[in-house]
Amino acid sequence: MVGAGISGIGAARYLTTELPAKSFAIVEAREASGGTWDLFRYPGIRSDSDLHTFGYEFKPWRDEQSIADAPRILDYVRQTATENGLDAHIRYRHKVIGASWSTAEARWTVGIERVDTGERTTLTCGWLFCAGGYYRYDEGFTPQFEGIEDFRGPVVHPQHWPEDLDYAGKRVVVIGSGATAVTVVPAMAETAGHVTMLQRTPTYVMPIPRVDAVANAMKKYLGERRGYALARRKNIAQQRVVWSFCRKYPKAARRLIRWVNTRQLPDGYPVDKHFNPPYDPWDQRLCAVPDGDLFRAIRKGRASVVTDRIARFTEQGISLESGQELAADVVVTATGLNVQAFGGMRLTVDGSEIEPADTLAYKGMMLSGVPNFAYAIGYTNSSWTLKIGLLCEHFCRLLAHMDHHAHTVCRPEPSDPGMPTRPFLDFGAGYIRRAVDGLPRQGDRMPWLTSMDYRDDVKLLRSGRVADPELRFTRAAATAEVPA
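Residues numbered from 1 in each chain as written. Predicted model: local features only at pLDDT ≥ 70, side-chain atom pairs only at ≥ 80, totals over all residues. Heavy atoms only, no water.

**Student:** Before we move on, can you summarise the environment of Arg263 with the specific residues and values?
**Tutor:** Following the sequence through the fold, Arg263 ends up in helix H8 (residues 250-264). Through-space distance from the C-alpha of Arg263 to that of Ala376 is 39 Å; in sequence the pair is 113 residues apart. (Helix = DSSP H or I, 4+ residues; strand = E, 2+ residues; numbered from the N terminus.)

The structure is reproduced here in C-alpha cells:
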C-alpha cells in the first residue's frame, strides 16, 4: 500500500477488519503520517468539507468543529492508525520509484528509494494499492512571472511554508482565488498590515458554519455512533442537493450565491467584479469559507480583492495590466498544485511500460490491462473520503472473492476497444486541465465510467457484484481465464 495519508490509513483499516489474515505494508515517502494534513503548514489550513462526511464512516468525528483545522484532522487520522494497530505496518522514508508486474510470478516488484539514505531496495506483493493522492508533494505549481527575481521580499508557495516567515504588520499579496487563497487571506489578515487577494478570475465563494449545530445535537441526544451516522447521512444528502441544484438550475444558483455574497460584503461593494465568475456553479469546485471569515476580513478593511492580470513583478510589489501597482512586502503564490498520476510511479507489465493516458479507469479504482493494481481517488464535487470508503469496501470484497475462487490475478479489460472515451476527471479546475492529458480516461458506460455520485457508487461498489464480464480472473499456475 502506497501512502500513509487519510486514504491509505483508511484503506489499511478496512483491510485489517475485513481480511485480517492478509499481510501488508504501508510505504510512505515522508517521515510522518497524515499526508496532506501533515504536509501543509500555511496559516488557517483546514478542510473545506465537513468532517462528518470527510471523516471515516467507521470512526465518529467527536470534535465540535465540523469544518476543522489541520491539527484536529491530523490527530484524527493518527488516532485511527493507532487504534487499529496500523503504526507498525508503516515504513517511513520509503519512496516508490516504480513497480513491475510479472505474469509468470503473479507478483509486483516495487522499487523503493530510502529518502534519508538514498539506498535502493525492492519489495514484492501480490497486490499494489496506491493511496498516494493526486498531486506532487515535493513541488507546487507556480506560473512564470516576469521580473519575479526583482522583487525584494519573500515569495512563498503555501505548499512550502517557511516556519519563520514574519508577516506581522506587513503588506501581503496572495495570488490566487481557490480554496487555498480564501483560507490564507483571512488567516494572515489577523496579524498582517493588509492582505490583498489578487485573482485573474473570480471564484464562487460561500459562507458555511464552522460548527454544525444539528450534527452536534444529534450526537449529544442520540449517542455518538448513532448521532454521527445520522449527521453523516444528513450532510451527504445536503451535499447532493446543493450540487444537483447548481447543475440543474445554474442561473438560479448563480443569483442565490450572489445574493448571499452581497449580504456578506459592505454596501456598494463591486460583487460582480470580484465574486461573479464567468462559468456556472460547480463547473469548478465552490470555495467554502467557515463563518464567512473572508467576507469578515473584507468588511473590517483588513483584506481586499483585486481582479486583474499580472504584468510583472517589481522591486516593491506587482505591476498589473490595468496600470495599477500593488505594493507588497510578502507575496504568496496560492496558484495551485502539480497533479500527477499514482504518485509519479512508473508502472510496467511484463516489461512493457504503462502510460496512464492509454488506459481506462475501471469502476474508478483500477486500470485496464494492469493486473492486481488499485488506486484511491475521491470525489471532486463532495467529500473526498466518501468515495474512498466505498472503494476500500469493494476492494476487500474483490480480494475475498478471489480467495474464495482460488484466483490469484484479476485484470480489467474492455470488451469494446472502440468505446468512446473522455477525460478521467471532467472538471474545469486549472490544476486538472494542466494534467488531464497524462491521466487515465473513462468510457461512456459502466463499469468504465468514473462516477461522482455517492448514491450511484453505493449501488455499484457496496451492493453490486464483484464479478464482472470485463474483469478477467486467472491463476498463477496457468494464464487461461477461469470462471468468476
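Still more ground to cover, so stick around.
**Student:** So, the side chain of Gln442: which residues are in play, and what are the values?
**Tutor:** The residue Gln442 is located in strand E26 (residues 441-442) in this model. Overall, Gln442 belongs to the buried group, its relative accessible area being 2%. Among the polar contacts made by the side chain of Gln442, one reaches the main-chain carbonyl oxygen of Pro423 at a distance of 3.0 Å. A polar contact is formed between the side chain of Gln442 and the backbone nitrogen of Thr450, at a distance of 2.8 Å. (Buried < 20%, exposed > 50% of the residue type's maximum accessible area, 1.4 Å probe, protein only. Polar contact = N/O pair within 3.5 Å; in protein donor to acceptor, adjacent residues only side chain to side chain.)

**Student:** Describe the nonpolar core, listing the residues and the values that go with them.
**Tutor:** Of all hydrophobic cores here, the largest spans 125 residues; its most connected members are Trp108, Leu128, Val174, Phe275 and Phe373. Apart from the residues lying within four places of it in its own chain, the contact partners of Phe275 are Pro202, Thr203, Val205, Asn261, Leu265, Tyr269, Leu294, Phe295, Ile298 and Val305. Counting residues in each nonpolar core, the second largest holds 12 residues, with Phe145, Ile175, Leu326 and Val331 among its members. (Core = buried A, V, L, I, M, F, W, Y, C linked by side-chain atoms within 4.5 Å. Contact = heavy atoms within 4.5 Å.)

**Student:** Hey, could you go over the pairing of strand E15 (residues 317-320) for me, with residue numbers and the actual values?
**Tutor:** In terms of strand pairing, strand E14 (residues 310-313) meets E15 through three bridges, oriented antiparallel. Among the inter-strand pairings, Arg312 is bridged to a residue of E15, identified as Ser319. Between E14 and the antiparallel strand that follows it, E15, lie three residues. Where E15 lies against strand E16 (residues 325-327), three bridges are found, and the strand directions are antiparallel. Bridge pairing links Gly317 to Ala327 in E16. Turn length for the E15-E16 hairpin, with the two strands adjacent in sequence and antiparallel, is four residues, and the turn residue Gly323 shows positive phi of about 100 degrees. (Pairing = 2+ DSSP bridges.)

**Student:** Now, about the pairing of strand E12 (residues 287-290): what can you tell me, with residues and values included?
**Tutor:** Consecutive side chains along a regular strand alternate between the two faces of the sheet. Side chains of E12 alternate between two faces, with Cys287 and Val289 and Ala288 and Pro290 buried alike. When strand E11 (residues 205-208) meets E12, the two strands line up parallel, connected through four bridges. Across the sheet, the residue bridging to Pro207 is Val289, located in E12.

**Student:** Quick rundown of unusual backbone geometry? Include the residues and the values.
**Tutor:** With an omega dihedral of 5 degrees, the bond running from Met446 to Pro447 counts as a cis peptide bond. Tracing the chain through its elements places Pro447 in the loop between E26 and helix H13 (454-463). Non-glycine residue Arg93 carries a positive phi angle of around 60 degrees. As for its placement among the helices and strands, Arg93 is situated in the loop between strand E2 (90-92) and strand E3 (94-102). Of the residues examined, Arg93 reaches a relative accessible area of 33% and is grouped as partly exposed. In this model, Lys363 sits at a positive phi of 55 degrees, which is unusual for a non-glycine residue. Lys363 gets classed as buried once you look at its relative accessible area, which sits at 3%.

**Student:** Before we move on, can you summarise a positive patch on the surface with the specific residues and values?
**Tutor:** A surface patch of positive charge is lined by Arg200, Arg309, Arg433 and Arg434. One can find Arg434 in the loop between helix H12 (430-433) and E26. Judged by relative accessible area, which is 40%, Arg434 ranks as partly exposed. (Patch = residues over 30% accessible without salt bridge, like charges linked within 9 Å, V, L, I, M, F, W, Y side chains within 5 Å. Areas by Shrake-Rupley, 256 points an atom, 1.4 Å probe, with all protein chains shown as cover. Salt bridge = Lys/Arg side-chain N within 4 Å of Asp/Glu carboxyl O. Lys, Arg positive; Asp, Glu negative; His and termini not counted. Charge placed at Lys NZ, Arg CZ, Asp CG, Glu CD.)

**Student:** For the packing of helix H6 (residues 213-222) against helix H7 (residues 224-248), give the residues involved together with the corresponding values.
**Tutor:** At a closest axis distance of 7 Å, the pairing of H6 and H7 adopts a crossing angle of 150 degrees. Taken together, the axes of H6 and H7 lie roughly antiparallel to each other. Read as a crossing pair, H6 and H7 show a hand that is right-handed. Here Val214, Ala215, Met218, Lys219 and Leu222 of H6 come into contact with H7, specifically with Glu224, Arg226, Gly227, Tyr228, Leu230, Ala231 and Lys234. (Axes fitted to C-alpha atoms, helices over the stretch in contact; angles between N-to-C directions. Parallel < 35°, antiparallel > 145°, perpendicular 65-115°, else oblique. Left-handed = near helix turned anticlockwise from the far one by under 90°.)

Everything listed here is a matter of coordinates, which is why it stays silent on function.
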